[in-house]
Amino acid sequence: MAIKRYHYARDVEEALSLLLAYEGRGALVAGGVDVARGLPGEIEGLIDITAAGLSGISREGGRLVVGATATLEGIRTSREVKAYMGGFLSEVMGHVATLSLRNMATLGGAVVSAHPWADIPTALIALGAEAVWRNEERTERAPVEELYARPFRAIFRRAVLTEIRFPAWDGAFAFEKLSRNAGDIALINCACGLGLDAEGKIAWARVAVGATPYRAARLAAVEELLAGEVPSEALWEEAGHRAAVEARVGDDMRASAEWRRAVIPVIVRRALERTAREVKGDA
Ligand SMILES: Cc1cc2nc3c(=O)[nH]c(=O)nc-3n(C[C@H](O)[C@H](O)[C@H](O)COP(=O)(O)OP(=O)(O)OC[C@H]3O[C@@H](n4cnc5c(N)ncnc54)[C@H](O)[C@@H]3O)c2cc1C
């Protein structure tokens, strides 16, 4: 790495114009947690966006809007975040790394880095969160799930992620993570959401599994299995087993594909049980 210049952008326009002026030889820096671990050799200029006015957290009706440079600890402790979906996102942030890291790392950095082993993409995909970014021509937006199906790293070489928008859901979400210790990264993680109709049947279901060790993905077959059913222990059991069949798992230095397939039924069942308790209001 041969960094020649470090800029402090005062707003999104300045950050974007600096980024574009470097023509691929510049990079944005937010918390710097991943940037400090290494950058491509051609990067000459870093553009710090922590004072670019992107750290706000607000509610818009039932929706939640989090600025790209809001820190993970700022999100975890935010009153607005605690009031959104029963504090689900606050709980997820509590599972991420350590306090010192959460004080630096930002939500935008987590979305752009998109580590396959991370917890945040799993939660964002389950929640149907939407990314908003500014490029040379316009403001663009897309669900995070869709963004990850695009060449998103190339997009953010010429764009600034400005905020993440979280929709309002009539229901509840829960998150589960298995790791070797509290501060460690996931061996596997899972985020589930459920909503009930007037008869107490499942109106909608969202199930995402991550750190498989591939980036989080929703399990459509499991969501379909749950929709229209009456919540029960047997249903969570069946959903867990279907999840183990549907999820794409692999080996890495942390766990084997075999181990991951064996624990998916457990982690999905636990997440669904907790979500159901939450949605019925007896959590
Ligand atoms: C030791 C360690 C443990 C971790 N544990 C966990 C864990 O348990 N769970 C989990 O989910 N995650 C975990 N993470 C991942 C962590 O959440 C991310 O590394 C962190 O959020 C990155 O944020 P940052 O602000 O530091 O990003 P930076 O390092 O500043 O940036 C990361 C990348 O994103 C780009 N970027 C940053 N902001 C923007 C923006 N607004 N627009 C466009 N591009 C942008 C940068 O140019 C860079 O390419 C861990 C990371 C480390 C290093």
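Residues numbered from 1 in each chain as written. Predicted model: local features only at pLDDT ≥ 70, side-chain atom pairs only at ≥ 80, totals over all residues. Heavy atoms only, no water.

### Section: the site of the ligand
The ligand sits among 33 residues. The nearest are L28, G31, D34, T106 and D119. A distance of 2.8 Å is found between an oxygen atom of the ligand and a backbone nitrogen or oxygen belonging to A30. The side chain of K177 places a nitrogen or oxygen atom 3.1 Å from an oxygen atom of the ligand. Computed on the free molecule, the ligand has an accessible area of 980 Å², of which 88% lies beneath the protein chains in the complex. Given that more than half its atoms are within 2 Å of the pocket grid, the ligand belongs to the largest pocket. At the level of elements, β2 (26-29), α6 (107-113) and β8 (159-166) are the ones that each hand at least two residues to the shell around the ligand. Looking at the shell around the ligand element by element, the count peaks at 4 residues for α6. (Near = heavy atom within 4 Å. Polar contact = N/O pair within 3.5 Å; in protein donor to acceptor, adjacent residues only side chain to side chain. Areas by Shrake-Rupley, 256 points an atom, 1.4 Å probe, with all protein chains shown as cover. 1 Å grid on protein atoms, 1.4 Å probe; cavity = no way out; pocket = protein on both sides within 12 Å on 5 of 7 lines; lining within 4 Å. Sits in = over half its atoms within 2 Å of the grid points. Helix = DSSP H or I, 4+ residues; strand = E, 2+ residues; numbered from the N terminus.)

### Considering the domain arrangement of the protein chain
How big an interface is tends to be reported as the loss of accessible area on association of its parts. We note that the domain assignment places domain 1 (5-48), domain 2 (57-166) and domain 3 (172-280) within the protein chain. Facing the 23 residues of domain 2 at the interface are 25 residues of domain 3. Three residues, W117, T122 and A126, lead the burial of domain 2 against domain 3; their summed loss comes to 29% of the area buried on that side. At the junction of domain 2 and domain 3, the tally comes to 3 salt bridges. Its salt-bridge partner being K177, residue D119 comes within 2.8 Å of it at the nearest N-O pair. At the junction of domain 2 with domain 3, the criterion picks out 11 residue pairs in polar contact (both at pLDDT 80 or more). Of all the elements in the fold, those that place two or more residues in the side of domain 2 that touches domain 3 are α4 (88-94), α7 (120-127) and α9 (152-155). If one sorts the elements of the side of domain 2 that touches domain 3 by residue count, α7 sits on top with 6 residues. Per-class residue counts for the side of domain 2 that touches domain 3 are 15 nonpolar, 4 polar and 4 charged. (Domains from an automatic or database assignment. Contact = heavy atoms within 4.5 Å. Buried area = accessible area lost by both parts, 1.4 Å probe. Salt bridge = Lys/Arg side-chain N within 4 Å of Asp/Glu carboxyl O. Nonpolar A, V, L, I, M, F, W, Y, C, P; charged D, E, K, R; others polar.)

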